[in-house]
Amino acid sequence: MKESVSSEEQVPRTSNFSDLLGIEEAGAGPERVVNRMPVSQRLANRNGVLHGGALMSLVDHTAGTLALLSCPPGRTTVTVEGKTNFFRSARVGDTVTAVATPLHVGRTTLVVLVTTTRGDGKELSASMQTQLFVEWTG
């Protein structure tokens, strides 16, 4: 069930990489973005739990979506700094939920807090990212 999702025009497109990871949008707006990712065998590390890199990709995608929704017209955003604390793991078959909220929205940067939880509601990680608004000519 989707949480209050903003209009299609405001929600940034997913990327091929986020599609490959199976990231699903569950709600998006400038004050909160929620994404989910099923933990499949292909995302597991050698211990049979979600690989930290896959979790970080979910976090970065979720923070980036929030940043794009806050981005000034004619600009885009890039991650310039990130820090994550890992608390516990998620097993294959579980689903991880990432929730991003803004801590600071400035003219040139945005600081985002992203928390992740597994299906039983226990927190997996907490991340803080700084996103930079840049002109994009690509």
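Refer to the preceding data block for the structure.
First things first, this report covers the structure right here in the doc. All figures in this text were calculated on a predicted structure; none of them were measured in a lab.

Next up on the list: the side chain of Ser-18. Along the polypeptide, Ser-18 turns up in helix α1 (residues 16-21). Ser-18 gets classed as buried once you look at its relative accessible area, which sits at 2%. Setting aside residues no more than four positions away along its own chain, Ser-18 makes contact with Ile-23 and His-61.

The subject of this paragraph is the sheet that holds strand β1 (residues 24-29). Spatially, six strands are ordered β1-β2-β4-β5-β6-β3 in an open sheet, and the strand pairing comes out antiparallel. Of all strands in the sheet, those with a lone pairing partner are β1 and β3 (75-86), marking the two edges. Direction aside, neighbouring strands of the sheet carry axes that sit 20° apart on average. The pairing of β1 with strand β2 (residues 32-38) spans five bridges and is classified as antiparallel. Looking at β2, one finds that Ala-28 is bridged to Val-33.

To continue, consider the nonpolar core. Counting residues in hydrophobic clusters, the biggest one holds 26 residues, and the most contacted among them are Met-37, Leu-50, Val-96, Val-112 and Val-114. Take this core: its biggest share by element is eight residues, from helix α2 (residues 52-70). For Met-37, the contacting residues outside a window of four places in its chain are Leu-21, Gly-22, Ile-23, Leu-43, Leu-50, Ala-54, Leu-55, Leu-58, Asp-94, Thr-95 and Val-96.

On to the pairing of β2, then. A regular strand carries its side chains on alternate faces of the sheet. Hairpin connection of β1 to β2: two residues between the antiparallel strands. Pairing analysis gives six bridges linking β2 to strand β4 (residues 95-105), with the strands arranged antiparallel. When the sheet's bridge partners are listed, Arg-36 is paired in β4 with Thr-97.

Moving on: the side chain of Thr-97. Of note, Thr-97 is situated in strand β4. The exposure class assigned to Thr-97 is buried, which follows from its relative accessible area of 15%. There is a polar contact of 3.4 Å between the side chain of Thr-97 and the side chain of Arg-36. Here Thr-97 is in contact with Val-34, Asn-35, Arg-36, Thr-115, Thr-116 and Thr-117, once residues within four sequence places are set aside.

Thresholds, definitions, all that
- Residues numbered from 1 in each chain as written.
- Predicted model: local features only at pLDDT ≥ 70, side-chain atom pairs only at ≥ 80, totals over all residues.
- Heavy atoms only, no water.
- Helix = DSSP H or I, 4+ residues; strand = E, 2+ residues; numbered from the N terminus.
- Buried < 20%, exposed > 50% of the residue type's maximum accessible area, 1.4 Å probe, protein only.
- Contact = heavy atoms within 4.5 Å.
- Pairing = 2+ DSSP bridges.
- Axes fitted to C-alpha atoms, helices over the stretch in contact; angles between N-to-C directions.
- Core = buried A, V, L, I, M, F, W, Y, C linked by side-chain atoms within 4.5 Å.
- Polar contact = N/O pair within 3.5 Å; in protein donor to acceptor, adjacent residues only side chain to side chain.

Keep in mind these values describe shape, not function.
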